[in-house]
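Letter by letter, the chains look like this.
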Amino acid sequence: MKKIEAIIKPFKLDEVKEALNAKGIQGMTISEVKGFGRQKGHKEIYRGAEYVVDFIPKVRIDIVVDDSLVDSIIQTIVESAATGNIGDGKIFVLPVEEAVRIRTGERGKDAV
Amino acid sequence: MRLKSLAATGILTLLPFSNAFADEAVLNAGDTAWIIVATALVMMMTPAGLALFYGGMSRYKNLLNTFAMTFMAYCLVSVVWVVWGYSLSFGTDVSGIIGNFDKLFLSGIDINSLHGTIPEFVFVMFQMTFACITVALVLGAVVDRMKFSSWIVFSVLWVTFIYVPICHWVWGGGWMQTLGALDFAGGNVVHINAGIAGLVLCLVLGKRHGFGKEAMFPSSVTLTALGAALLWFGWFGFNAGSQLAADGVAASAFMVTNSSAAMAAIAWMVVEWLYSGKPTVLGIASGAVAGLVSITPAAGFVTLPASLIIGLGAGVIGFFSVAVLKHKIGYDDSLDAFGVHGICGIWGAMATGLFACPTITAGATGLFYGNPKQVWIQFVSIVATALYSAIGTLIVILVTKAITGGIRVEKEAEVMGLDNAIHGERAFEID
């Protein structure tokens, strides 16, 4: 099992969600996060005083799937989240040791 | 305030029931009704308009403290004014410098007393709202870091020793009035005075912790824009009310007030757009206020085209004074009391000397209508106001410091935020 963490532009969330649904993904967890990468922050000016806002709002999607699905999900996210502009985000893939469905107690592949 | 009413006041004060002056001393119901409404409009400018305007610009952790300082300024000055402020401002003149104590606790004034064509009680209240907002304007320079106890002591001392004398000089029969300085609704008395006092107070207090290093976001530009709109609304009472009558000059003041504010908001927006790349809402709101400040001394004296030029100047001068000059010099006038009220007040007072048109108010003639001397008189009155305000405010601050044991909050309170540290409250509960 792998966990896919995708950090994307907030306005792209719906498109990514629908694309993943179409691929048969049954669940995901999203969080509103802030951060910066190469895009850096943006400037706000109040009566001539410039403040740099370092952290830009993003949405993080967490999905845990069987190893065999990882590549196609990454491709789906890349296609649906990309705008071509700086700040489109990143995808990280992490190994997952165990998964448990709380209601039934199912474990592993059956639980995700 | 209206020149012709002054002679009448002196006589009426002495002989309020005299039939011999029946021609002069007739109450006009229209005038009275308008000035009562105008007074209520100006009242709203302080605890509502200015509190929102300033509160929205202060940081989220100091929003309530800004409201508290504004609200308290209104309450404190309200009491000071009726107890001794009015008497010292409008009591019988003592050598052109100050009024006397004849009207302490408004003694000698009753329901039949008139000031011009309105009850003197209405005049007392109208003038009171001016004193209140002038004190509250000062705090724009010092939010985020002043002790609340010091603000209370400062307000009482400052209105007594700085506002009251200047008010007497300009409107109460003092030396500036004798000199012929034109100040229709308070360019000197209110705006230059408050702007200079704010500058002095912020220099003594020092910069906010983290100024120039950390971001200091306005808590809500929305509140500031709403505050500016309420100030604008109230300013109709401020300027058109200063005629002390419901007449054509009041109507003219009403019109030019709006034109100047609108023009200044446009000018500030355009300059900011060109200079910094974005037309900010804070800039538009600030521009409107700058235009209102600048037209204040001129409102009853200038024509419509002049008001457009005054507004245009206010927007441009206001923008450069707060967005460029302040950062070059490096003082921390937190909400630009000096930049907007001081600088634009000076522009307005000088512009009055240029544009005053005698066909609006007879005797008020500026340079462009053949009276170059008026420019000099305006200049003298500005310099005198600024000097007296600067030196006097410094003394008031030193006395306040001695009474309240320093005027600045502890660093810990400043970092935590004054809403919590002083008032034990928070402005918003946002989840």
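Residues numbered from 1 in each chain as written. Chains lettered and ligands numbered in written order. Predicted model: local features only at pLDDT ≥ 70, side-chain atom pairs only at ≥ 80, totals over all residues. Heavy atoms only, no water.

S.K.: When you look at the pairing of strand S3 (residues 42–46) of chain A in this model, what are you seeing that I'm missing?
M.R.: Taken residue by residue, a regular strand's side chains alternate between the two faces of the sheet. All names here are of chain A. Sheet analysis places S3 next to strand S4 (residues 49–53), joined by five bridges and oriented antiparallel. Looking at the pairing, Ile 45 lines up with Glu 50 of S4. From the end of S3 to the start of S4, which pair antiparallel, there are two residues, and Arg 47 there has a positive phi angle of about 45°. (Pairing = 2+ DSSP bridges. Helix = DSSP H or I, 4+ residues; strand = E, 2+ residues; numbered from the N terminus.)

S.K.: What's the story with the interface of chain B and chain A in this structure? I'm lost.
M.R.: Frequently, the measure chosen for interface size is the accessible area that the parts lose on association. Listed by partner, the interface residues are 18 residues for chain B and eight residues for chain A. Both sides together, the interface formed by chain B and chain A hides about 1,000 Å², and carbon and sulfur atoms give 62% of it. Taken together, the links from chain B to chain A amount to one salt bridge. Along the contact surface separating chain B from chain A lie five residue pairs in polar contact (both at pLDDT 80 or more). Contributions of two or more residues to the side of chain B that touches chain A are made by helix H2 (29–57), helix H10 (281–295) and helix H11 (304–329) of chain B. Its residues assigned to classes, the side of chain B that touches chain A shows 12 nonpolar, four polar and two charged. (Contact = heavy atoms within 4.5 Å. Buried area = accessible area lost by both parts, 1.4 Å probe. Salt bridge = Lys/Arg side-chain N within 4 Å of Asp/Glu carboxyl O. Polar contact = N/O pair within 3.5 Å; in protein donor to acceptor, adjacent residues only side chain to side chain. Nonpolar A, V, L, I, M, F, W, Y, C, P; charged D, E, K, R; others polar.)

S.K.: Is there a simple way to explain the nonpolar core in this structure?
M.R.: A general tendency of soluble globular proteins is for nonpolar side chains to be buried together. Ranked by size, the top nonpolar core spans 126 residues in total, and within it Tyr 54, Trp 81, Trp 151, Phe 154, Trp 158, Tyr 163 and Phe 238 of chain B carry the most contacts. Top element by residues in this core is helix H5 (residues 148–171) of chain B. It accounts for 15 residues. Those residues in contact with Trp 151 of chain B that lie beyond four places of it in its chain are Met 69, Ala 73, Val 135, Ala 136, Val 138, Leu 139 and Met 146 of chain B. By size, the runner-up hydrophobic cluster in this structure holds 15 residues, among which are Ala 6, Ile 61, Ile 77 and Ala 81 of chain A. (Core = buried A, V, L, I, M, F, W, Y, C linked by side-chain atoms within 4.5 Å. Buried < 20%, exposed > 50% of the residue type's maximum accessible area, 1.4 Å probe, protein only.)

S.K.: Help me out: how do you make sense of the sheet that holds strand S1 (residues 2–8) of chain A in this one?
M.R.: Either a parallel or an antiparallel arrangement is found when strands of a sheet pair, and the pairing is made through backbone hydrogen bonds. All names here are of chain A. Read from one edge to the other, the open sheet built from four strands follows the order S2-S5-S1-S6, with strand pairing classed as antiparallel. Looking along the sheet, the strands with just one partner apiece sit at the ends: strand S2 (29–35) and strand S6 (89–95). Across the sheet, the mean angle separating the axes of adjacent strands is 20° when strand polarity is ignored. Judged from the seven bridges that link them, S2 and strand S5 (residues 56–65) form a sheet pairing that is antiparallel. Paired with Ser 31 across the two strands is Arg 60, which belongs to S5. (Axes fitted to C-alpha atoms, helices over the stretch in contact; angles between N-to-C directions.)

S.K.: What is the right way to read the pattern of salt bridges from this model?
M.R.: Pairing between side chains of opposite charge can happen when their charged atoms approach one another. Residues and elements named next belong to chain A. Tallied over the full model, the rule gives 17 salt bridges over all chains. Taking the shortest distance from any N to any O, the salt bridge between Lys 9 and Asp 88 comes out at 3.5 Å. Within this pair, whereas Lys 9 is found in the loop between S1 and helix H1 (13–22), its partner Asp 88 is found in the loop between helix H2 (70–81) and S6, the two being separated by 79 residues in sequence. By relative accessible area, which is 12% here, Lys 9 ends up buried. With relative accessibility at 17%, the residue Asp 88 sits in the buried group.

S.K.: Help me understand the confidence of the model for chain B, please; the structure alone is not making it clear to me.
M.R.: As a note on interpretation, predicted positions should not be read in detail where pLDDT is low. Averaged over every residue, the pLDDT of chain B is 93; the share at 70 or more is 94%. Reported for the predicted complex are a pTM of 0.85 and an ipTM of 0.71. (pLDDT = per-residue confidence, 0-100.)

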